[in-house]
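# Examination of the molecular architecture
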Amino acid sequence: MTAIDPSDLQDDAREVRRQRFFTRINTADKWFQVLGLAWLTPVLRAAAGDNPRAQGKEIWRLLGIPLLAIGLFLAAWAALAPTVQTSLGAIPGPVQVWEQVGNLNDDAIREREKEAAFYVRQDERNAKLIAEGKEDRVKERIYTGKPTYYDQIWTSIKTVFFGFLLASVIAIPLGIAAGLSPIVSAAINPLIQIFKPVSPLAWLPIVTMVVSATYASDGWFAKSFLNSAITVTLCSLWPTLINTTLGVSSIDKDLVSVSKVLKMNTWTKVTKLVLPSALPLIFTGLRLSLGVGWMVLIAAEMLAQNPGLGKFVWDEFQNGSSQSLAKIMVAVFTIGIIGFLLDRLMYAIQSMFTFTNNR
């Protein structure tokens, strides 16, 4: 009988745990890619002892080089900004812009404190009136202070999602119909070619007049919100419509033949065959549409003075104070970061749907 060395068992168990850890890393890598955190994979591999030298090169490529580029950009910005003089003074450097981030946050905190104090005073006044038997004089008012920077960000995000969802509800069914029917495709193609290049600055006055004429002031949404959202819809539906049509029209003809042999009804054909095959292109269109919608929204808010980040930028430009330019640059970075996060969100949703359909 051969004796088993306990150290060999320990080595085998250690190797099993190591391989299990690498399997988890490979599984997580897909989501790291989606979230823009691909550099975490080589970091974890290096920590697990998987060829640290090769993983170090990957870390440098995925993390080191981008950080170096950002550092060089900030250095060039800090060096060149003071040399450019504008009507609002010198271009602010990174330090001045970061200071305004803090100032905007402080302003938001102060505004929240004012709002809380307003409601405390209102509650105390109403409680006093009730104690004196003057319930008929009790009033509940809404705080009408200026919106904070965070309020304006949230307003823009809500608006772009409303417009984007409305565009998707229109574009996806129409794109499926156009992809399945050459007649529908021929009918809507001229409209796509005519309206796709139209600027939001041209749509906005029309939308504003139509909403003002047809929508009651006491409706569910503010007119300014609808003006911006519908403008986003009209400008952002085209990428989804075009990509959905292309995705549906390019599905495998054998699948279409199978649906005819099985005598599938239209709903089953669309949900079981068409959508799963066209899903990658549909999501590509959705990502493009959301990006277009975000850019369009900022322009629409600036032009129409509707609440949101666009209005914040325009107000600061009109303000003309020494801090205005730095605040505008804060808004520029905010717009860019939110745009990146929106794209990552759509990519994550696409990955989840793709994973579900491939299981």
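Residues numbered from 1 in each chain as written. Predicted model: local features only at pLDDT ≥ 70, side-chain atom pairs only at ≥ 80, totals over all residues. Heavy atoms only, no water.

We now examine the confidence of the model for the protein chain. When the pLDDT values of the protein chain are averaged, the result is 84; 92% of them are 70 or greater. No element of the protein chain has a lower mean pLDDT than helix α1 (residues 6-34), which averages 68, and none a higher one than helix α5 (residues 149-180), which averages 92. (pLDDT = per-residue confidence, 0-100. Helix = DSSP H or I, 4+ residues; strand = E, 2+ residues; numbered from the N terminus.)

This part is about the packing of helix α6 (residues 182-195) against helix α8 (residues 223-249). Interaxial distance between α6 and α8 falls to 11 Å at its minimum, and their mutual angle equals 145 degrees. Between α6 and α8 lies a crossing whose hand is left-handed. Side by side, α6 and α8 meet where I188, L191, I192 and F195 of the first sit next to W238, L241 and I242 of the second. When grouped by side-chain class, the residues that make up the contact of α6 with α8 number seven nonpolar, no polar and no charged. (Axes fitted to C-alpha atoms, helices over the stretch in contact; angles between N-to-C directions. Left-handed = near helix turned anticlockwise from the far one by under 90°. Contact = heavy atoms within 4.5 Å. Nonpolar A, V, L, I, M, F, W, Y, C, P; charged D, E, K, R; others polar.)

Turning to α8, a few remarks are in order. With 27 residues, α8 should cover 39 Å at 1.5 Å per step; its first-to-last C-alpha distance of 38 Å lies within 8% of that length. Of all bends in α8, the biggest is about 35 degrees, found at S236, and the proline P239 comes one to four residues later. (Expected span 1.5 Å × (residues − 1). Bend = angle between axes of the 7 residues up to and from the residue.)

Glancing now at the packing of aromatic side chains. Taken as a whole and judged by the stated rule, the model has eight aromatic pairs. Here the aromatic rings of F118 and Y119 are separated by 5.3 Å at their centres, their planes lie at 75 degrees, and the arrangement is edge-to-face. Joined through ring pairs, the aromatic side chains of F73, W77 and F333 make up one cluster. When the ring centre of Y347 is taken as origin, the NZ or CZ atom of R287, which lies over that ring, is 4.8 Å away. (Phe/Tyr/Trp six-rings, centres within 6.5 Å; stacked < 30°, edge-to-face > 60°. Lys NZ or Arg CZ within 6 Å of the ring centre and 35° of its normal.)

Ranked by size, the top nonpolar core spans 38 residues in total, and within it Y149, V160, W294, L309 and I338 carry the most contacts. No other element matches helix α10 (residues 266-304), which puts twelve residues into this core. Contact partners of Y149, with chain neighbours within four places excluded, come to L104, L309, F312, V330, A331 and T334. Listed in part, the eight residues of the second largest apolar core include A171, I188, I192 and W238. (Core = buried A, V, L, I, M, F, W, Y, C linked by side-chain atoms within 4.5 Å. Buried < 20%, exposed > 50% of the residue type's maximum accessible area, 1.4 Å probe, protein only.)

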